[in-house]
Every structure is written in structure tokens, then in C-alpha cells.
Amino acid sequence: MRRECVLKPVESITEFRGTRHFRIALGGFHATRRRGGVIIPLAFIAACAAISGSSAVHAQPTFEFDAVTLSTYVPSPGMGTGIAVADFDGDDDPDIFVPTGAGVPNLLLRNRGDGTFDEVAAQFGLADQRQARVALWADYDGDGDLDLFVGRDCFFESAGIAAAGSCGEVSLSLFEQRPGGFVEVSAAVGLSASAGSLTTFHAGGLSAGDVSGDGLPDIYFARWLAGPELYISDTLFVASEAPGYSLGSGVTGITGAPGGEWQTLFHDFDGDGRLDLFVNVDFGANQLWMNGGNLNFVDVAPAAGVDSEWNEMGLAVGDYDNDGDLDMYITNIHDWQADTRGEISRNRLFRNDSEPGSVQFADTSIDNGVDNSEWGWGTTWLDADNDGDLDLAATNGYCEPPPDGYCAPRHEMDRSRFFENPGDGGPMIEVGEVVGFDDELIGAGLIAADFDGDGRQDLLQSAIDPGSAPWTPLQFFGRTERLTLYLNRPVGGAQAGRHVVIRPRMVGTNSRAVGAVVRMYLDSGDVLTRLVQAGESWMSQGPATLHFGLGAGTAIDRVEIDWPDGSGTSVFTHVGPNRDFTLYGPADMLFLSGFE
């Protein structure tokens, strides 16, 4: 049995000049806490390693997060709202769209390039005041710029909550980017279903991927306790037709049965050149729909080992073991219920063990120390210290409205978690309190990106503030959400670290290369793998910009990109550290940007 060493304040806590001092177990070593980060003395680490029998002493993290509140706003009532991050204005900086509750203008935060922002929603025609829950940036018409889908529901409308809006509003809107701003084109492209058409459901995540093969993004709208919606691009059926959508046109296999769908992932799991679809399901088995072509899908989740039946919430894809394929991390409610096999609920870390002709995953969450983040929601992979392996962040929390609600302190005030990857094949180490990602808000969306351009990935979180309104009927629904940017800062004299930024782009309709897989081969033998995706975490989206930490002393042998349209693989050499590269494909129309 593996013995663990846990840092806890057990004897005394004192405050002196803004610094918190407390005495911990194990020999009376002391730690200090500044800005949410705990500084642990090396003597404690050595003692901890000694009693646990570990042969390795893990060094103190070389980074910490500096929390900055970007906005506080009234959300649509429910479990929380997502965040959509993309470079909508083409200046290579990640911008932020935030959906809000009815009567409150949506937020568009335009990045100044240094991690500070201007709110410009009204300027660009996106200050819509209908209730909104989730958003997704995608180039729906293939003209090279990003358009915006906004999803909504009318959860709690029957309770008379103003922020819930009207069930008569369309459930999915599309704002097309044109010179000077955005224009709503929902009706023109066939998006007309009302938010209340499938009962008062709670919206889930939006995801985009070209499953129909016409070069334009198809849209999957997950719904909690209602049937999902898969919008297929009309140009598949009428080649001369302008870009638009038909709901589920021609799809076989994927049913519209009500379920607890939260988040989905488009990815070519079997390498046949067609995007498949993984669906995270709450109150039911997960689904893995393999695309057989011509919109024929077959669910292979049981055979692939990913059909767990707990309360799957957030979803993050990344290659945590640097073996060249993509693994999946799924947040859950820890120790909450048992599935039909008698297993107690926990987070899942599905290691990809697929071989040609067989898609296979194995759960390694317990072995890797990431099985518990309590009532989990948004989650994301990132290389916070640029050491060449992916770390993991997860946000959490829950509190139901009275009078019959559940609001145990264990979940309402649970802290966010950060798992640092030691890079040696051993378990990840939970260091949230050490690095300052330990808020006690009720988390929702969580995205990683380099917002201030310093070469380190930061975190962006949307979360309900449980202290913003009393826990009483009606007043409870007045709780606000907080948008927090966690800026990644080096500590202890650490440098930013060697890294590379890759922006895959395609000539043609799929301008952001959604679905592309990028592999960076190092002389150490490691293969760093990233996926360009549209829709991730929990009802959220990260930018189509891929960050690779390199660690010290490694050289890049080559970069390979598997393009999502089945057109093959492009190979790039002469990719150097601490540079940004825009790599265009497919290979028959190849352009490079960023090379000297």
C-alpha cells in the first residue's frame, strides 16, 4: 500500500504583515502562505519522501498563479456557464466571450496583448441580452474569420427567475463576422428551434467538427436531461447551397433519447481520416460514436472501455504520458454512487492503448493520483512549467437551491485542484494550495492559454460565487459569477522555460484546422501530442493555438501534422524553441510563417 504524506495545518495559525504562518505535522516544520500559495521547506519534502518510501524527492513548483478578477456578472441560473476563448480579431492574442443571464449584455473581452482586456461586445454587435449558457467560435462559412455560436436554455424559467429568460428564444444562435462587427444570421442558416422545445433542459457544451466531410464544421449541442442536437452543414446535401444547417439530417445511429450529456469531443480515434465523436454523459454510460462514413455512426464505448456510468462532467484531452496518442481526463463526483459494476464514482483518466484496428482505453486515474477532485466540472491540460509534460487543472463545487437542495460544505466550499506531472511515470502531485489555484468558488468553465504572451500558459475560470447571495429561496438565484484569470508567474528565480507555439491552419474552408493532430518529436524520444479542437472542458473552448513546453536540453527533431480531412500528414523541420509558428496545409498548398 502506498503511504502518502499530506500537508495540513494542525497546531497553530498566525497572521503577521499579510503572511499566514502555520505549523504542520511532521517534526514541526513551518510553511508560509502568500497570495494563496504555500511555500514548503525542503526539510519537509525530504521527511515526506522518507516516510512514504519514495525514492524521488519532487522539487518545489517553479511557478505560481496570480489571480485577477476580470469581471463579475449575473449568469443564467443553473449549474454555471462556460467561456469561449479564441483570437477573433486575428492579432494572435486570445480573446474571451462570456455568455450571461437574460437582461445582462454578453461580454466580449478583447486582449490588448498583455493579458489585460477591453470589453467591446457592444462595439462588435455581440452585446445580446437574451439568456445565454455556452458559446463556440467556428468558421462556419469557410471565409477565414471566426463566427460565433451562442447556446441557451431556459432553466428555472418556470420559477419566475428573470435571468432565466424566455423559453421562446432560439436555443442556438449564430453571429456571422463581417467587416465592422457581427450580424445574427440564425434564421437564415436554419437555426430556429426554441429553447423550450425540448422541455426546460439545461444546455451542455457546444463542439464543432466536420463529420459530414464537406469541409465545413458540423455542430454538436449537448443537452443535460434532453436529447442532443447534431447540426449538419447543408452543403453536404445541396452542393450549391449557401452555408447553413439541418438538424440531424441523414444521421443514423446517434439517437435523440434524453440523457445527461455535458461535453463532447470530435477526434479521429481510429485514424481512418474521419472524425468520430465522444460524448460525456451524466446519469448514463458514456458514448463513443465511430464514424463509418456517409453519416453512419456506431457506439463502441463498451468495447473501448470508456462506457462508465457515473456523473461525468468535464472533459480534457491530452497526451499526459508523451507516447504519441491522446488520452482523456473526465471529472466526476467522487465517492458519490456506484455503477452497474459496483465501482464507486471517481474521475477517469483514460490512457489511450489503441492499436491499428482496435480503439482501447484503460482507466489510470487512481495510479496517477487524479481520481479525486470532489464535485468536478471544468478541467484542462497544460504544461504550466514548460518542462515537457502536461499538468492538469480541475475546478469543482456544487450547491442546489433551497428548500430541497443539497449544499454540503464538502462541495460548496471545495477548493480547485492542480496536479503537477513529475514526468517520471509516477503519480501526479496535487499542488493547488502551493501554486495558488485553490479557490473555493463553485467552478464551471476552465481553459488554459497564454493570455499575457510571456511564454507560460495561464488559466481562465468561470465560477459561481457562493457568498454573493443568501442561501434562501429566490435570493439564491441572485448569485453572481466571477471570471478569474490566473496568471502564471515564475518563482524562485525560475525562467519562463523553453517552449514552442504552433498554429495549424488550412487552406480552404476549415481555416482553423479543427481536428488536426500535431506531434512534436524530440531527440529524447518523447513525442508531444496536441489536438486542435473546438469545444472542451465543461461548456467551454480554448484557442486553436497549441503550446508545447520543451524542458531543458531537448532538441526538436520534427513536427508532424495529421490533417483532419484525411489528406495525409505534413512534416516540418527547422522548428526551434521560443518561437511561434503558423503551419499551413495540406501538403499540396504549403505555406510557413515564423521561420527565418
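For the structure, see preceding data.
Reference entry: report on the structure contained in this document. (Residues numbered from 1 in each chain as written. Predicted model: local features only at pLDDT ≥ 70, side-chain atom pairs only at ≥ 80, totals over all residues. Heavy atoms only, no water.)

**Overview of the environment of V507**
- Positionally, V507 belongs in the loop between β33 (499-506) and β34 (517-522).
- Spatially, the C-alpha atom of V507 lies 7.2 Å from that of P586, the residues being 79 residues apart in sequence. (Helix = DSSP H or I, 4+ residues; strand = E, 2+ residues; numbered from the N terminus.)

**As for the sheet that holds strand β38 (residues 569-572)**
- Reading across the sheet, the four strands line up as β35-β34-β37-β38 and stay open at both edges, with antiparallel pairing between neighbours. Taken across any chain shown, the strands that pair with only one partner, and hence form the sheet edges, are β35 (527-531) and β38. Between one strand and the next, the sheet's axes are offset by a mean angle of 15 degrees, whatever the strand orientation.
- Here β34 runs beside strand β37 (residues 556-562); their pairing, made up of six bridges, is antiparallel. (Pairing = 2+ DSSP bridges. Axes fitted to C-alpha atoms, helices over the stretch in contact; angles between N-to-C directions.)

**Concerning the sheet that holds strand β11 (residues 147-151)**
- Here four strands make up an open sheet; going across it, the order is β10-β11-β12-β13 and the pairing antiparallel. The sheet is open, and its two borders are formed by β10 (134-138) and β13 (181-184), each paired with just one other strand. Each strand of the sheet is rotated relative to its neighbour by a mean of 25 degrees, with strand direction disregarded.
- The pairing of β11 with strand β12 (residues 172-178) spans four bridges and is antiparallel. Across the sheet, the residue bridging to G151 is L172, located in β12.

**Things to note about the pairing of strand β20 (residues 287-291)**
- For β20, a buried count of five out of five residues is recorded, marking the element as mostly surrounded by other parts of the structure.
- The alternating pattern of β20 places Q287, W289 and N291 and L288 and M290 on opposite faces, both of which are buried.
- By the bridge criterion, three bridges tie strand β19 (residues 276-282) to β20 in an arrangement that is antiparallel. Bridge assignment links V279 to a residue of β20, and that residue is Q287. (Buried < 20%, exposed > 50% of the residue type's maximum accessible area, 1.4 Å probe, protein only.)

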